[in-house]
Amino acid sequence: LVGQGPALFLLHGNGGSSKDFKRQIAYLKKDFQLILMDTRDHGRSNNQSTVLDFETIIYDMNLILTHERIETTSLLGFSDGANIALKFAVTFPEKCQRLIGISPNLTFDHLKKKHQIVSTKLFWLAENLLHSTKLKRVLSLAQEDLNLTPAELRKLEAPTLIIMGDRDIVSPENMKELVAPLPKGELFILKNSGHSILRFRSKEIKPLILNFLQEKK
């Protein structure tokens, strides 16, 4: 835990770690109590299980909240972390105050074709050349569908801001399909931006993040 104020859970992307938010932590810790978790098989976290999936990760999150006696939290997730945030908010709606998802994707098929091909090739390498069970688990998570239906998304009452680049790994059309069912969903598309928004567009998203999190109900 870092900082003081309302709780804010930071969720990194596939293959990353909580350090991916270093540019955001610098200002967020002034107003929020940040929960920094390296998901299983990432960063400083190991994995005693043979599997890695969204269900396991969101229940890890819930265990942390219970242990720290935090009843509710806002969520800020990037890429797979944004997928995890959506899954958590639908599963534990009573614990989610606000949600910011940067470049999520509902299904593997929602990724642009070239990114699907790269992910599939990397998985093949991990399985057949590197023989890395850990890397296989991580790459398998990148290909896992969220399995959230429009009906489930319609029940997500937490205000939700989705941020993406106009040249992201998901097309704006597919992202609009994700946002459409959300009762309090907003979509912001950064112009001339790819997927690495945390790193290369940190200045532009700072006011978006702060204004949304501090917006009065």
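For the structure given in this document, a descriptive report is provided here. (Residues numbered from 1 in each chain as written. Predicted model: local features only at pLDDT ≥ 70, side-chain atom pairs only at ≥ 80, totals over all residues. Heavy atoms only, no water.)

## Notes on the packing of aromatic side chains
We describe a pair of aromatic rings using the distance from one ring centre to the other and the angle between the two ring planes. Here the structure, examined in full by the defined rule, presents two aromatic pairs. Measuring from centroid to centroid gives 5.4 Å for Y59 and F92, while their planes differ by 80 degrees, and the two rings are edge-to-face. Of this pair, Y59 sits in helix α2 (residues 54-67) while F92 sits in the loop between α3 (80-91) and β4 (96-102), placing them 33 residues apart in sequence. Accessibility expressed as a relative area gives 10% for F92, which makes it buried. (Phe/Tyr/Trp six-rings, centres within 6.5 Å; stacked < 30°, edge-to-face > 60°. Helix = DSSP H or I, 4+ residues; strand = E, 2+ residues; numbered from the N terminus. Buried < 20%, exposed > 50% of the residue type's maximum accessible area, 1.4 Å probe, protein only.)

## Considerations on the sheet that holds strand β6 (residues 185-190)
If you trace the six strands from one edge of the open sheet to the other, you get β2-β1-β3-β4-β5-β6, paired in parallel fashion. The open sheet has two free edges, formed respectively by β2 (33-36) and β6, since each of these has just one partner strand. Within this sheet the neighbouring strands show an average axis-to-axis angle of 15 degrees, counted without direction. Direction of pairing for strand β5 (residues 160-165) relative to β6: parallel, over a ladder of six bridges. Bridge pairing in β6 places G165 opposite L190. Strands β1 (7-11), β2 and β3 (73-78) of the sheet are contacted by α2, whose axis makes an angle of about 150 degrees with β1. Together, β1, β3, β4, β5 and β6 form the strand contacts of helix α9 (residues 202-214), whose direction differs from that of β4 by roughly 165 degrees. (Pairing = 2+ DSSP bridges. Axes fitted to C-alpha atoms, helices over the stretch in contact; angles between N-to-C directions. Contact = heavy atoms within 4.5 Å.)

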